[in-house]
Amino acid sequence: MVDDPDHPDDIVRRVRDVLEVLWEDRAEAIEREACKILGVKGFRDYFRKPGKGGFWDDHISRYSKSRRKAPIYWPLQSFRKNYALWIYYHRLDRDLLFKALLNYVEPKIRLKESRLEPLRARRAAAGTSGNGVKKLEKEIDRQEEFVSELRDFEEKLRGVANLHLEPNLNDGVVLNIALLWELVPWKEAKKYWEELCDGKYEWSSIGKQLQQKGIVHGP
């Protein structure tokens, strides 16, 4: 799923679909009650919120036991957290990231860029002064910043996809998620990535594949 109000696979839309199935005409009231209990303005805030009180932090705590941490729903977020993909761990395969790029990220970038063109045309025709011009300029700046954010997200995601690694669930969550450390809001991912590159997990499938590609520095 994706954190994107414009997309039919939007995570908030999907949650609301479930509420409607379960509670029918009471769905909106249930949503308001749930957000009140969670202490958030809305479900989107809950999914995007970093740290305590956000979905990701709650999920990690529920899927941790002793020193074992194994979250199965992963948020891949852009650096300003305005866009995210949610990946289900047990659906990982070597093509999943390419599918995400093709079906979600690339179309989103094209959509946002297409919306910039008419704004720029209106700005060019609007002259040099006035409140309308300033408003247009702010909107153009906002859209350009978002496109830049999406481009950065695409670049980092494609970098991992282009490694063409074969995920192996027997390696465990922390080693598989480590590859996505630049996109996952979790310090553990970076820690395990650095350890992978240092050759600490040479026994793992991921470690062996990274060694074959010359990424592992050696034990």
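This text follows the structure it describes.
Presented here is a report on the structure given in the accompanying data block. (Residues numbered from 1 in each chain as written. Predicted model: local features only at pLDDT ≥ 70, side-chain atom pairs only at ≥ 80, totals over all residues. Heavy atoms only, no water.)

Turning our eyes to something else, we now look at helix α5 (residues 96–125). For α5, which comprises 30 residues, the first-to-last C-alpha distance of 44 Å matches the rise-based estimate of 44 Å (1.5 Å per residue) to within 8%. When we look at burial in α5, the residues that qualify are Leu 97, Ala 100, Leu 101, Tyr 104, Val 105, Lys 108, Ile 109, Lys 112, Leu 116 and Leu 119. The elements touched by buried residues of α5 are β1 (2–3), β4 (73–77), β5 (84–88) and α6 (131–161). Residue Gly 127 follows α5 closely and has a positive phi angle near 90 degrees. (Helix = DSSP H or I, 4+ residues; strand = E, 2+ residues; numbered from the N terminus. Expected span 1.5 Å × (residues − 1). Buried < 20%, exposed > 50% of the residue type's maximum accessible area, 1.4 Å probe, protein only. Contact = heavy atoms within 4.5 Å.)

This next bit is on the packing of helix α1 (residues 11–23) against helix α2 (residues 27–38). The contact between α1 and α2 brings their axes to 8 Å, and the two run at 120 degrees. With respect to α2, the element α1 is oriented oblique. As for the relative orientation of α1 and α2, their crossing is right-handed in sense. Residues Arg 16, Leu 19, Glu 20 and Trp 23 of α1 form the contact with α2, whose participating residues are Ala 27, Ile 30 and Glu 31. Along the lines of polarity and charge, the residues of the contact of α1 with α2 split into four nonpolar, no polar and three charged. (Axes fitted to C-alpha atoms, helices over the stretch in contact; angles between N-to-C directions. Parallel < 35°, antiparallel > 145°, perpendicular 65-115°, else oblique. Left-handed = near helix turned anticlockwise from the far one by under 90°. Nonpolar A, V, L, I, M, F, W, Y, C, P; charged D, E, K, R; others polar.)

The three strands lie next to each other as β1-β5-β4, forming an open sheet whose pairing is antiparallel. Edge strands, defined here as strands with exactly one partner in the open sheet, are β1 and β4. Relative to β5, β1 is paired through two bridges, and the arrangement is antiparallel. Considered in β5, the bridge of Asp 3 is made with Ala 84. Seen against the sheet, α5 touches β1, β4 and β5 and runs at an angle of roughly 145 degrees to β5. (Pairing = 2+ DSSP bridges.)

Bringing a nonpolar patch on the surface into the picture now. Residues Val 18, Val 21, Leu 22 and Trp 23 make up a contiguous nonpolar surface patch of roughly 400 Å² in combined accessible area. Looking at the element boundaries, Val 18 is found in helix α1. (Patch = residues over 30% accessible without salt bridge, like charges linked within 9 Å, V, L, I, M, F, W, Y side chains within 5 Å. Areas by Shrake-Rupley, 256 points an atom, 1.4 Å probe, with all protein chains shown as cover. Salt bridge = Lys/Arg side-chain N within 4 Å of Asp/Glu carboxyl O.)

Quick look at the side chain of His 7 now. You can see His 7 is positioned in the loop between β1 and α1. A distance of 2.9 Å separates a polar side-chain atom of His 7 from the backbone nitrogen of Asp 9. Look past the residues within four positions of His 7 in its chain and what remains in contact with it is Val 2, Arg 13, Asn 103 and Tyr 104. (Polar contact = N/O pair within 3.5 Å; in protein donor to acceptor, adjacent residues only side chain to side chain.)

Another point: unusual backbone geometry. Positive phi is not limited to glycine here, since Glu 24 has a value of about 50 degrees. Topologically, Glu 24 is positioned in the loop between α1 and α2. Look at Glu 24 and you get exposed, because its relative accessible area is 58%. One non-glycine residue, Ser 66, adopts positive backbone phi at about 55 degrees. In this structure, Ser 66 sits in the loop between β2 (64–65) and β3 (68–69). Residue class for Ser 66 comes out exposed when judged on its relative accessible area of 76%.

Now for the nonpolar core. In this structure, Trp 74, Leu 76, Tyr 83, Leu 85 and Leu 157 are the most contacted members of the largest nonpolar core, which totals 45 residues. Every element with two or more residues in this core is listed here: α4 (55–62), β4, β5, α5, α6, α7 (173–178), α8 (187–197) and α9 (205–212). Apart from the residues within four sequence positions on either side, Leu 85 is in contact with Met 1, Val 2, Trp 74, Pro 75, Leu 76, Ala 100, Tyr 104, Val 105, Phe 153 and Leu 157. Membership of the second largest hydrophobic core comes to twelve residues, among which are Val 12, Ala 27, Tyr 46 and Phe 47. (Core = buried A, V, L, I, M, F, W, Y, C linked by side-chain atoms within 4.5 Å.)

Another point: the pattern of salt bridges. One pass over the full model with this rule turns up 21 salt bridges. Close ionic contact of Arg 44 with Asp 3 constitutes a salt bridge, the shortest N to O distance being 2.7 Å. Of this pair, Arg 44 sits in helix α3 (residues 43–48) while Asp 3 sits in strand β1, and the two are 41 residues apart along the sequence. Note that Glu 31 and Arg 16 form a salt bridge whose closest N and O atoms lie 2.9 Å from each other.

As a further point, take the pairing of β5. Judged by how many residues are buried, β5 sits mostly within the fold: four of five residues are covered. As defined by bridge partners, β4 adjoins β5 across five bridges and the pair is classed as antiparallel. Across the sheet, residue Trp 74 finds its bridge partner in β5, namely Ile 87. In this antiparallel pair of consecutive strands, β4 and β5, the connection spans six residues, and Lys 81 shows a positive phi of 65 degrees.

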